[in-house]
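Listed here are the chains, written in short residue letters.
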Protein chains: 4
Amino acid sequence: MKKIRIGIIGAGRIGKIHADNLLRLPETEIVAVSDLFAGPELQAWASERGIAIVTTDSNEVIANPEIDAIFICSSTDTHVPLIKQAAEAGKHIFCEKPVSMDIRQTEEALEAVRKAGVKLQIGFNRRFDHNFKRVREHVQGGLIGEPHIVKITSRDPNPPHPDYIKVSGGIFMDMMIHDFDMARFLSGSEVEEVHAIGNVLINPVFAEHGDVDTAIVTLRFANGALGVIDNSRQAVYGYDQRVEVFGSKGSTAASNDHPTTVEISTVDGITRDKPLHFFLERYNAAYVEETQMFIDCIVNDKPLPVEGNDGLQAERIALAAKLSSQLGRPVKVSEALNLLIQPLRSE
Amino acid sequence: MKKIRIGIIGAGRIGKIHADNLLRLPETEIVAVSDLFAGPELQAWASERGIAIVTTDSNEVIANPEIDAIFICSSTDTHVPLIKQAAEAGKHIFCEKPVSMDIRQTEEALEAVRKAGVKLQIGFNRRFDHNFKRVREHVQGGLIGEPHIVKITSRDPNPPHPDYIKVSGGIFMDMMIHDFDMARFLSGSEVEEVHAIGNVLINPVFAEHGDVDTAIVTLRFANGALGVIDNSRQAVYGYDQRVEVFGSKGSTAASNDHPTTVEISTVDGITRDKPLHFFLERYNAAYVEETQMFIDCIVNDKPLPVEGNDGLQAERIALAAKLSSQLGRPVKVSEALNLLIQPLRSE
Amino acid sequence: MKKIRIGIIGAGRIGKIHADNLLRLPETEIVAVSDLFAGPELQAWASERGIAIVTTDSNEVIANPEIDAIFICSSTDTHVPLIKQAAEAGKHIFCEKPVSMDIRQTEEALEAVRKAGVKLQIGFNRRFDHNFKRVREHVQGGLIGEPHIVKITSRDPNPPHPDYIKVSGGIFMDMMIHDFDMARFLSGSEVEEVHAIGNVLINPVFAEHGDVDTAIVTLRFANGALGVIDNSRQAVYGYDQRVEVFGSKGSTAASNDHPTTVEISTVDGITRDKPLHFFLERYNAAYVEETQMFIDCIVNDKPLPVEGNDGLQAERIALAAKLSSQLGRPVKVSEALNLLIQPLRSE
Amino acid sequence: MKKIRIGIIGAGRIGKIHADNLLRLPETEIVAVSDLFAGPELQAWASERGIAIVTTDSNEVIANPEIDAIFICSSTDTHVPLIKQAAEAGKHIFCEKPVSMDIRQTEEALEAVRKAGVKLQIGFNRRFDHNFKRVREHVQGGLIGEPHIVKITSRDPNPPHPDYIKVSGGIFMDMMIHDFDMARFLSGSEVEEVHAIGNVLINPVFAEHGDVDTAIVTLRFANGALGVIDNSRQAVYGYDQRVEVFGSKGSTAASNDHPTTVEISTVDGITRDKPLHFFLERYNAAYVEETQMFIDCIVNDKPLPVEGNDGLQAERIALAAKLSSQLGRPVKVSEALNLLIQPLRSE
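As the structure is a computational prediction, the values presented were derived from the model and not from experiment. Numbers given to residues run from 1 along each chain, matching the order in which its sequence is written. As they are written, the chains are lettered A onward and the ligands numbered 1 onward, keeping that order. With the structure being a predicted model, the display of local features is reserved for residues of pLDDT at least 70 and the display and counting of side-chain atom pairs for 80 or more, all residues being used for whole-chain, interface and lining totals. Only hydrogens and water are set aside; all other atoms, that is, all heavy atoms of the structure, feed into the side-chain values.

**Q** Quick one: what's the story with the interface of chain A and chain D, residue by residue and with numbers?
**A** In this assembly, 26 residues from chain A lie in contact with 26 residues from chain D. What counts as buried area is the accessible surface, traced by a 1.4 Å probe, that two parts surrender upon association, with contributions from both included. Taking both partners together, chain A and chain D bury about 1,800 Å²; carbon and sulfur atoms supply 50% of that area. When the buried surface of chain A facing chain D is broken down by residue, Thr261, Val262 and Ile264 of chain A rank first, second and third, together holding 30% of it. Salt bridge, as used here, is a side-chain nitrogen of Lys or Arg placed within 4 Å of a carboxyl oxygen of Asp or Glu. Our count for the contact surface shared by chain A and chain D stands at two salt bridges. Whenever two N or O atoms come within 3.5 Å, that pair is a polar contact, provided that in protein one can donate a hydrogen and the other can accept it, and provided that, for residues adjacent in sequence, both atoms are side-chain atoms. The interface formed by chain A and chain D contains twelve residue pairs in polar contact (both at pLDDT 80 or more). Those elements that place two or more of their residues in the side of chain A that touches chain D are α6 (130-140), β12 (250-254) and β13 (263-266) of chain A. Residue contacts follow a heavy-atom distance rule, with two residues in contact if any of their heavy atoms lie within 4.5 Å. In DSSP terms, a helix is any run of H or I states spanning at least four residues, a strand is any run of E spanning at least two, and both are numbered starting from the N terminus.

**Q** Any chance you could break down the relation of the copies chain A and chain B for me, citing the residues and the numbers?
**A** The copies were overlaid by least squares, fitting only the C-alpha atoms of residues that reach a pLDDT of 70 or more in each copy. Between chain A and chain B, the superposition needs a rotation of 180° and an axial shift of 0.0 Å, giving an RMSD of 0.0 Å. These values place the two chain copies in the arrangement generated by a two-fold rotation axis. Considering only C-alpha atoms, the residue of chain A closest to the rotation axis is Arg329 of chain A, which sits at 2.8 Å. Looking at chain A, 100% of its interface residues are interface residues in chain B too, so the copies touch through the same face.

**Q** Report on the sheet that holds strand β3 (residues 53-55) of chain C, specifying residues and quantitative values.
**A** Residues and elements named next belong to chain C. Across the sheet, six strands lie side by side as β3-β2-β1-β4-β5-β6; this open sheet has parallel pairing. One side of each edge strand has no neighbouring strand; the edge strands of this open sheet are β3 and β6 (120-122). Shown here is a sheet whose adjacent strand axes are inclined to one another by a mean of 20°, direction ignored. Alignment of strand β5 (residues 92-95) against β6, held across three bridges, turns out to be parallel. Considered in β6, the bridge of Cys95 is made with Ile122. Pairing between strands is defined by DSSP: at least two bridges between them are needed. Axes here mean lines fitted to C-alpha atoms, for a helix over just the part in contact, with angles spanning 0 to 180 degrees between N-to-C directions.

**Q** Could you give an account of the pairing of β13 of chain A, with specific residues and numbers?
**A** In this structure, β13 of chain A lies alongside strand β14 (residues 269-272) of chain A, joined through four bridges in antiparallel fashion. Note on β14 of chain A: the bridge partner recorded for Glu263 of chain A is Arg272 of chain A. The antiparallel pairing of β13 of chain A with β14 of chain A creates a hairpin that spans two residues between the two strands. Here three bridges tie β13 of chain A to strand β12 (residues 250-254) of chain D, and the two strands are oriented antiparallel to one another. Among the inter-strand pairings, Glu263 of chain A is bridged to a residue of β12 of chain D, identified as Ala253 of chain D.

**Q** Let's hear about the nonpolar core: which residues, and what values?
**A** All names here are of chain C. Residues belong to a common nonpolar core when they are buried Ala, Val, Leu, Ile, Met, Phe, Trp, Tyr or Cys residues joined through side-chain atoms within 4.5 Å. We call a residue buried when its accessible area falls under 20% of the maximum for its residue type, exposed when it is over 50%, and partly exposed in between, using a 1.4 Å probe and counting protein chains only. Counting 102 residues, the largest nonpolar core has Ile93, Phe172 and Phe180 as the members making the most contacts within it. Element by element, the count of residues in this core is highest for helix α13 (residues 308-327), at eight residues. Sequence-distant contacts of Ile93, that is, excluding residues within four places in its chain, are made with Ile70, Ile72, Ile83, Ala86, Ala87, Val113, Val118, Lys119, Leu120, Gln121 and Phe294.

**Q** Which residues make up the UniProt feature "domain: Gfo/Idh/MocA-like oxidoreductase N-terminal" (unreviewed entry) in chain A, and what values go with them?
**A** Using the residue numbers shown here, the UniProt feature "domain: Gfo/Idh/MocA-like oxidoreductase N-terminal" (unreviewed entry) corresponds to residues 4-124 of chain A. The annotated region residues 4-124 of chain A carries 41% helix and 22% strand content, and the separation between its end C-alpha atoms amounts to 22 Å. UniProt positions are given in the numbering used here, feature names are shortened, and annotations may be inferred rather than shown by experiment.

**Q** Pulling in residues and values, what's your account of the sheet that holds strand β6 (residues 120-122) of chain A?
**A** All names here are of chain A. Ordered by their spatial adjacency, six strands build an open sheet running β3-β2-β1-β4-β5-β6, and the pairing between neighbours is parallel. Strands at the two margins of the open sheet, each flanked by one partner only, are β3 (53-55) and β6. Along the sheet, successive strands turn relative to each other by an average axial angle of 20°, direction set aside. Contacting β1 (4-9), β2 (28-34), β4 (69-72) and β5 (92-95), helix α1 (residues 13-23) crosses the sheet at an angle of about 155° to β2. With respect to the sheet, helix α4 (residues 79-88) is in contact with β1, β4, β5 and β6, its orientation differing from that of β5 by roughly 165°.

**Q** Which residues make up the interface of chain A and chain B, and what values do they have?
**A** Residue-level contacts link 40 residues of chain A with 40 residues of chain B. One can count six salt bridges joining chain A with chain B. For the salt bridge of Arg155 of chain A with Glu244 of chain B, the shortest nitrogen-to-oxygen distance reads 2.7 Å. Across the contact surface, chain A and chain B share 13 residue pairs in polar contact (both at pLDDT 80 or more).

**Q** How would you summarise the UniProt feature "domain: GFO/IDH/MocA-like oxidoreductase" (unreviewed entry) in chain A if you had to cite specific residues and measurements?
**A** Per the UniProt record, "domain: GFO/IDH/MocA-like oxidoreductase" (unreviewed entry) is annotated on residues 132-251 of chain A. Regarding residues 132-251 of chain A, the helix share stands at 29% and the strand share at 36%, and the terminal C-alpha atoms are separated by 13 Å.

**Q** Explain the relation of the copies chain A and chain D residue by residue, including any values.
**A** When chain A is fitted onto chain D, the two copies agree to an RMSD of 0.0 Å after a turn of 180° and an axial shift of 0.0 Å. A shared interface surface links the copies, since 100% of the contact residues of chain A are contact residues in chain D too.

**Q** How would you sum up the packing of α4 of chain A against helix α5 (residues 103-116) of chain A? Please name residues and give values.
**A** In a pair of packed helices, the angle between the axes and the distance between the axes together describe the arrangement. Residues and elements named next belong to chain A. Two numbers describe how α4 lies on α5: the axes approach to 9 Å, and their chain directions differ by 10°. In this view, α4 runs roughly parallel relative to α5, as classed from their interaxial angle. Contacts from Val80, Ile83, Lys84 and Ala87 in α4 reach Gln105, Thr106, Glu108, Ala109, Ala112, Val113 and Ala116 in α5. Of the residues that constitute the contact of α4 with α5, the class distribution is seven nonpolar, two polar and two charged. The scheme is simple: roughly parallel for angles under 35 degrees, roughly antiparallel for over 145, roughly perpendicular for 65 to 115, oblique for anything else. Each residue receives one of three labels: charged for Asp, Glu, Lys and Arg, nonpolar for Ala, Val, Leu, Ile, Met, Phe, Trp, Tyr, Cys and Pro, and polar for the others, Gly being one of them.

**Q** Can you break down the packing of aromatic side chains residue by residue, with the values?
**A** Geometry of aromatic contacts follows a simple scheme: Phe, Tyr and Trp rings, the Trp one being its six-membered ring, pair when their centres are within 6.5 Å, and the pair is stacked under 30 degrees between planes, edge-to-face over 60, tilted otherwise. One pass over the full model with this rule turns up 32 aromatic pairs over all chains. Relative to Tyr283 of chain A, the ring of Phe132 of chain A lies with its centre 6.4 Å away and its plane at 50°, an arrangement referred to as tilted. Remark: Tyr283 of chain A occurs in the loop between α11 (279-282) and α12 (284-299) and Phe132 of chain A occurs in helix α6; sequence separation between them is 151 residues. Note on accessibility: Phe132 of chain A and Tyr283 of chain A belong to one class, buried. Over a ring means this: the NZ of a Lys or the CZ of an Arg is within 6 Å of the ring centre and within 35 degrees of the ring normal. Above the plane of the ring of Phe246 of chain A lies Arg155 of chain B, whose end atom (NZ or CZ) is 4.3 Å from the centre.

Spelled out as structure tokens, the structure:
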């Protein structure tokens, strides 16, 4: 069997995680890795893993005729040009979320992918989480009847570095975008309207960049269901990732994962472990599975579990949420782009 | 010690519950009970309990000079006139929620109470629930730092009778009003702005009365915190009453009460009891405690745990939520009354 | 309807609890209470409750022709003579556990009850606990198939007063006797053989009286099932009362009751309440129900939920456990009495 | 850095698991694998993994001068001769449990290891389980004070194949031996005396081989603590692996691991996943860690986490339990070997 040969663009934390997960798959081989800051350290990392080519030039990876698929793990602003190039070069593409912060550009990238007939998977890793998959199975299997309310709690253990905040695209595009995808994934329906409220309660640095650190967004789905997502940049007890779908026949809910099941009972109460600390711990197995699925879909030419359109829709919702937060009113997802292009005079 | 002598107006389900709880208190005595439909059955009920006077005329109760305090458990539209009368007669008053569906009338009732110098407690029984009191203690004690997010889930096991729906005042005034009070109780802050979304997903009869059966409301508190409440008129698994307050130092959360702690493990999974079925089961002890506190505050002239103003504030929030749901935009609590009085032309 | 008139013998903590629970039942009336140390305090307690007769002489209570049923709540050494007297006087009897510490005397008391044709209920209150009843329902309903293993954890929050230890009859007769009854109740089978191990780990005072403060007893049931009970006189985190029945089709298990369901999550972990502190808190509702059932069985001449024989069997198992602990070997319940009468020379 | 070169003897399920776990460690290399039934399938398995030598002859592995350490994963009866050979050949050894079913032989094997100065780790994988490690940390850290009671529940989802039952050594040596090791691991103390009861409740085939399928064993530890272990060969709801250590300052307890945290609430109750199915699922990460630790101890010449003596002690306790079950009385661990050698006439 011919192996799927991979090129990795961007060898930061997430690029390296994908690389190590790919290396465990018998049907893949990593041929090349590029990173703007490639140096002796990356060289050593690559040679330990038998990756032959290390370069600072992503073109070299994309142009390599040996390579079947590209993992785009570089900074968000590079995603669209890289997707276009890779698509034109006939490579399958795995791209980290978000595709871009500009919906029109995302659409262009998707168009390039369509034309080239290649596969594009978006890195919504949480769809592969054991808990959330089970919740979706319950919903899809009709076990809770028609969905009425979707609730998502999503809080990080600590805020990102201040330097990152200004380029992050804001809480809705950077952090809640995962939850927007989760809302679509769990409900099996599109989001039509959002209303966002937010505040700066953790660190004034967010305000400096026109961002908030705490936010709640309500959703109206096409199927009539209602939804709510709450985000905080800082849950001191750890990564808080819970979902619930409530429907006509019941409710299905996932609570957090914890390092152990141990409880200690003393005169002070009964205490158990905090949740798994952050995304690397919580979604470790999900990262493995998303790369496996991507490779499996290429090998067996199957439909992808997360497509380019999923990236686009989440971005559209995120944009609507951002505008809602700024305008102080509900925003329809369908009107968001127009609102952005033609700043409202009346507001 | 002189006993506190009570008159009960309205001997429906909740009036009888209060009566039985009062009868267990050594410091109280029930002197009279009135009900529009008083008949032999109520007569029998009263005589079993040693209640001497049974009448169809509430005036008889209020005018009785033997009586120190009145429990108003009749229908909502009678609350304001009865409060005024009772206040003028110098009686202390316990009144079920809501005081009225018209904020201006509620204000008048409160004014009458103020002038008369009597005590008025509102029947927000959930404040006396063991779980919610503990959550509030955690918040007040600073254990979770500054509150950032208040989340309240509140779902009934089944919708009210269709006849009741049309006079209920709607989901926000009838059902979510408890949650608005809870939001103030837990956060220790006033609600400044609300945004409500709702839908009819359970029974079209709600639509016939301009009501919804499923709703989510987001809140902005004066202290900067954000909040969210979700309501459903029908959780098939039972009464779902949970709260969470998330803050700078952690989170405190109450889950449901269950009839037993028993879990059964079989080839089909691990199964435990549904939550306690409805408010009579869940808030049984809370009802006892709210009457005890009321009597204690009278006997020892202490400040009440829930005052007339608490009733008023919850009604103001409920009105704002109702308007928000109708107008499709956030509504400030401070503007709600004006919005109501001067119907918006532009909407 | 004629009321059941009650006499209470022994007005300590448990006697007063039964009295207050009886007073809530519309079909009962307490006529008299006796206590060796009856004085002004008891007088006041009784008059508050409308109990006419207060005496130091239990004979006065038993001889009272007005009285239908006697609650024996005095010290264990008085149970047998009082049961005999009450039975001869034709009164129904509720007697606290254990009936006595001498099985032959217990048998005599039961014989007197049989002859008189009165009812005798033993105060095994835990049978009325909501959790344990549910576990038994699961077993009786066949939901876990044939029982294979019965596990009971039963630990007190603190040891009794040293003065009590010497007259307590030891951990097996005083404390584990409840668990022996629970083992019979849950398994639906008789205990045939026990093996007990124990140690003094909490307070040397237990050793002074030939007692232990920590013990584990294994059981062989007539139906082939195996069982195990562990007891500690001091669980610093509170009253620990859990049971599990494991069988061919699954397992059913009850965990502790807690004052609230609240969990607080901070940097230090996730903490919830300790269990309800002790038997008065945990078995509050069970005490109410056992008296209700007793009265109901008298009023409607129904079979009792806990009979004299249940008291006897638990005492036989307790004796066997005590002997096993002393002899260092398994003891058959059927041989225990002989072992006691004819001290083994060979051991 | 020179790699640790490994030879695997016995390529059944557990041998292959160890192999795959070793292959992930950068500091190891598998040089050879032997299996009595080595054929084309094993050949293929080995070549996929780059293992050069595949043989039916374990001598070939032991004699290979390239090899630093041997994993003995063959049937129990081969362990002792292989350990002796490997030790004489100067190889470090990882051996599955039990070392043997004859304590005297186990002692001989340990003596050979001592003389040769090589390392011998026993495959008590559960010591590396995240939950049990945490319980032990709590105990070692003094968080629960002095241990008083150790409770271990250990039930398999289904019985082994009938063919295996007759050669298994019986429930105490085959299954409960893990729990005896766990008892020593958690308590930090030696077991001095055991009492075992058992029965055949699942399948009569166990009786045919003088074995039981359900057993409870109580333990007396050298430090005064008491313990109890219950085993069943068939828990229909899955692998049930729980422990608790109760002490003077509290209790620490591990419950089962589950595939997800999801709960579904319907009219039928609240249901969650059964525990992880069996040892491969539950102890997956523990298997990885035990091999890592073994290699780490070789590379850095550190003391092993589980030594030959741990294997010996668990076997001594298992023998005592087996004899106790047969003799119907408590057996001291120190007397077990003599009991076996000189069959008691008086029993």
